[in-house]
Amino acid sequence: MEHPYAITLDVGTSLANHTGSWRTKRPVYVDRLPPCNAACPAGENIQAWLFRAESGDYEAAWRKLTENNPLPAIMGRVCYHPCQGACNRGEVDEAVGINSVERFLGDEALKQGWGFDKPETESGKRVLIVGAGPSGLSAAYHLRRLGHQVTIKEAGPLPGGMMRFGIPKYRLPREIIDGEVKRITDMGVAIEYGVKVDDIAETMREGRFDAAFLAVGAHIAKRAYIPAGAAARVLDAVSVLHSMEDGEKPMLGRRVVVYGGGNTALDVARTAKRLGAEEAVIVYRRTRDKMPAHDFELEEALQEGVLVKWLSTIRNVEEGEITVERMELDASGFPQPTGEIETLATDSVVLALGQDVDLSLLDNVPGLEIDKGVVKVGPNMMTGAPGIFAGGDMVPSERTVTVAVGHGKKAARHIDAWLRGETYEPAEKHELASFDKLNTWYYDDAPRTIQPVLADVRRTSTFEEVVGGLDETNALYEARRCLSCGNCFECDNCYGVCPDNAVIKLGPGKGFRFNYDFCKGCGVCATECPCGAITMTPEAI
């Protein structure tokens, strides 16, 4: 059978490739941007660390990963992995389980005790960070690597911010947070707990800080007016999850209703089941396809017996019951009341309607602008007040751990440049390595590894971690499913198929080069490159 990408090299039948002495195009090795890298809010060089992982050098892979993200064991559990949604492998069979390999590397680092190197030189500059959540920790790590003295002031008693006080233990064990934070403090980052910053300008003056990064999490629950009787038990989701960490566990009762449709609503309902609720019902105004919560989290909640009442809203709450009105979507998709009423028995109602950030520390700061509960920042993450930067929940953005980590890294680079009187200019991004640039017939079908899951019968009676990690064998297999989109991995295809011996090996890890004295420009090397790392470039005239 003829090779599907065969190219006839006879001069008379291959004019489209302009072979022969009249070459009009020459092959050039290129580095294209893998779609997983492009989709990562934390800016990880995913393909680079996967390449090291698939060779079995896990420490090298972890160190390459943590050049951009210091919290891989955390992110491997709570990131919603947009990288996998962009993965070209999904066009072949299934996307690479990038998130599961990241978790494996993060866990391996904690198990082996790998640590970060301290900076070789000190800048003499002092930076204040407000908040020890993902954005603050990320900024602290990157600033410390650049030689700056960093102090984090955290209002709470422990690090992690909303990762600790908003994500239940069955999704993120606390020893994982503690282990990854310790690596950052071991670099010389100082964290002061139980210190609430009320006036950022005054705190900077007193501490003689040269710059500040504001990374306060969204810890204030949004409220909605719902008529409720004096004896009705109405709580907010933030308080419920917070009390699971540092207070007495909430007494929610046997029948719990959660009002909202985000991931926090699911977390509260699943937590209620673990606290002994026989019935946990989510009341949501729209349909499943409109639900902002991630679908895989909804599936896990449904598996645990959480019920969802779609197209419904709470009219009022009394002791022992709530009144629910059925809704229907209008032509624009907005829910409208129908007048159809239903009564549900309940012991408590938990409102999960979103969160706001406490911005009182910014009162009376000249030049600083606040709009709709968030701080305005420029492209360099700096507020209108010189030297004061902000990120994470405090600025307009998607509120996820991954986005927050990316903000911390970005802000650190701009803060470093600002402290040196310079402007940070990010490198220009390469052309995207889209699926059409790959030659995927070289790859066999290799379905993604499924992570182990705690048995249903144990999930609602314990706060043990629900989703397990990969072992070394599975992690190695998963890393090797990477197609190396847009970047040469030295497979030797170009070397083997060149009819003119024009491809020269430069040695392991050094790639190849073309001898254009021999190359006729037939293009077979570019056509046969599995990862799209060769392009045919017009000859200069």
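Fair warning: this is a prediction, and the values are worked out from it, not measured in the lab. Note that residues are indexed from 1 along each chain, following the sequence as it is written. A pLDDT threshold of at least 70 governs which residues receive local features in this predicted model, and a stricter bar of 80 or more applies before side-chain atom pairs are shown or counted, although totals over entire chains, interfaces and linings include all residues. Each side-chain value is derived from all of the structure's non-hydrogen atoms; neither hydrogens nor water enter the calculation.

Chemist: Just to check I follow, could you spell out the state of the cysteines for this structure?
Modeler: What makes a disulfide is a covalent bond joining the sulfur atoms belonging to two cysteines. Two cysteine sulfur atoms form a disulfide, by the criterion used here, when they sit within 2.5 Å. Throughout the structure, instances matching the rule amount to zero disulfides. Free cysteine Cys494: the closest other cysteine sulfur is in Cys488, separated by 6.2 Å. Burial classes follow relative accessibility: with a 1.4 Å probe on protein chains only, a residue under 20% of its type's maximum area counts as buried, one over 50% as exposed, and anything between as partly exposed. On the basis of relative accessibility, which here comes to 7%, the residue Cys494 falls in the buried class.

Chemist: What is the right way to read the sheet that holds strand S10 (residues 307-309) from this model?
Modeler: Across a sheet, paired strands are connected by hydrogen bonds in the backbone, their directions being either parallel or antiparallel. Any two strands between which DSSP finds at least two bridges are classified as paired. A run of H or I in DSSP becomes a helix once it reaches four residues, and a run of E becomes a strand once it reaches two; helices and strands are each numbered from the N terminus. With parallel pairing, the five strands of this open sheet are ordered in space as S7-S14-S8-S9-S10. The outermost strands of the open sheet, each flanked by one partner alone, are strand S7 (234-236) and S10. Strand-to-strand twist of the sheet, defined as the mean angle between neighbouring strand axes without regard to direction, takes the value 25°. The sheet contact formed by strand S8 (residues 255-259) and strand S14 (residues 348-351) spans four bridges and is parallel. The residue bridging Val258 from the neighbouring strand is Val350, located in S14. By the convention used here, residues are in contact when the closest approach between their heavy atoms is within 4.5 Å. Simply put, an axis is a line fit to the C-alpha atoms, just over the touching stretch for a helix, and the angle between two N-to-C directions goes from 0 to 180 degrees. Contacting S7 and S14, helix H11 (residues 237-246) crosses the sheet at an angle of about 70° to S7. Taken strand by strand, helix H12 (residues 263-274) contacts S8, strand S9 (279-283) and S14, and its axis lies near 165° from that of S9.

Chemist: So what exactly am I meant to see when it comes to the pairing of strand S11 (residues 312-318) here?
Modeler: Consecutive side chains of a regular strand alternate in pointing toward one face of the sheet and then the other. Bridge analysis of S11 against strand S12 (residues 321-329) gives six bridges, and the strand direction is antiparallel. Bridged to Val317 within S12 is Ile322.

Chemist: Whenever I open this one, unusual backbone geometry confuses me. Can you help?
Modeler: Negative phi characterises most residues that are not glycine, and trans characterises most peptide bonds. Non-glycine residue Lys372 carries a positive phi angle of around 55°. With respect to the secondary-structure elements, Lys372 resides in the loop between strand S16 (370-371) and strand S17 (374-375). On the basis of relative accessibility, which here comes to 79%, the residue Lys372 falls in the exposed class. In this structure, Met381 takes a positive phi of about 70° despite not being glycine. Of note, Met381 is situated in the loop between S17 and strand S18 (388-390). Judged by its relative accessible area of 5%, Met381 is buried.

Chemist: Would you take a moment to explain the sheet that holds S12 for this structure?
Modeler: Strand order in the open sheet made by the three strands is S11-S12-S13, with antiparallel pairing throughout. Single-partner strands in this sheet number two, and they are S11 and strand S13 (335-345). Averaged over all pairs of adjacent strands, the angle between strand axes in this sheet comes to 25°, irrespective of strand direction. Pairing geometry for S12 and S13, over eight bridges, is antiparallel. Each bridged residue has a counterpart across the sheet, and for Glu325 the counterpart in S13 is Ile341.

Chemist: How should I be thinking about helix H9 (residues 174-186) in this particular structure?
Modeler: Along an α-helix, residues three or four apart share an orientation, since each turn contains 3.6 residues. Here, expected helix span is obtained from the residue count minus one, scaled by 1.5 Å. Between its first and last C-alpha, H9 extends 18 Å over 13 residues, near the 18 Å set by a 1.5 Å rise per residue. Every buried residue of H9 is listed here: Arg174, Ile176, Ile177, Gly179, Glu180, Val181, Arg183 and Ile184. Note on H9: the residue one or two positions beyond its end, Gly188, has a positive phi of about 115°.

Chemist: Which parts of the structure should I look at to understand the pattern of salt bridges?
Modeler: Pairs may arise between side chains of opposite charge once their charged atoms sit close together. Only one rule defines a salt bridge in this text: a Lys or Arg side-chain nitrogen within 4 Å of an Asp or Glu carboxyl oxygen. Taken as a whole and judged by the stated rule, the model has 45 salt bridges. In this structure, Arg481 engages Asp93 in a salt bridge whose closest nitrogen and oxygen atoms are separated by 2.9 Å. Remark: Asp93 occurs in the loop between helix H5 (82-86) and helix H6 (98-112) and Arg481 occurs in the loop between helix H16 (472-479) and helix H17 (493-497); sequence separation between them is 388 residues. According to the relative accessible area criterion, Arg481 is buried, its value standing at 2%. According to the relative accessible area criterion, Asp93 is partly exposed, its value standing at 22%. When the shortest N-O distance is used, the salt bridge between Lys182 and Asp186 registers 2.9 Å. Taken together, the positions of Lys182 and Asp186, both in helix H9 and four residues apart, correspond to about one turn of that helix. Under the relative-accessibility criterion, Lys182 is labelled partly exposed at 49%.

Chemist: Is there a simple way to think about the side chain of Glu154 in this case?
Modeler: Here Glu154 shows up in strand S3 (residues 149-154). In this charge count, Lys and Arg are treated as positive and Asp and Glu as negative; neither His nor the chain ends contribute. One buried charged residue, Glu154, remains without a salt bridge, the closest side chain of opposite sign being Arg164 at 8.4 Å. Residues contacting Glu154, with those up to four places away along its chain left out, are Gly131, Ala132, Ile191, Glu192, Tyr193, Gly194 and Val195.

Chemist: How should I be thinking about the packing of H6 against H16 in this particular structure?
Modeler: The relative placement of two packed helices is expressed as an angle between their axes plus a distance between the axes. The contact between H6 and H16 brings their axes to 9 Å, and the two run at 135°. In terms of orientation, H6 and H16 fall into the oblique class. Every pair of crossing elements has a handedness; the one defined by H6 and H16 is left-handed. Between H6 and H16, the residues in contact are Ser100, Val101 and Phe104 and Glu472, Ala475, Glu478 and Ala479, respectively. Here the residues of the contact of H6 with H16 are counted per class, giving four nonpolar, one polar and two charged. Any angle from 65 to 115 degrees is called roughly perpendicular, while one under 35 is roughly parallel, one over 145 is roughly antiparallel, and all others are oblique. We call a crossing left-handed when the near helix sits turned anticlockwise from the far one by less than a right angle, and right-handed when that turn is clockwise. Under the scheme applied, nonpolar residues are Ala, Val, Leu, Ile, Met, Phe, Trp, Tyr, Cys and Pro; charged residues are Asp, Glu, Lys and Arg; polar residues are all the others, including Gly.

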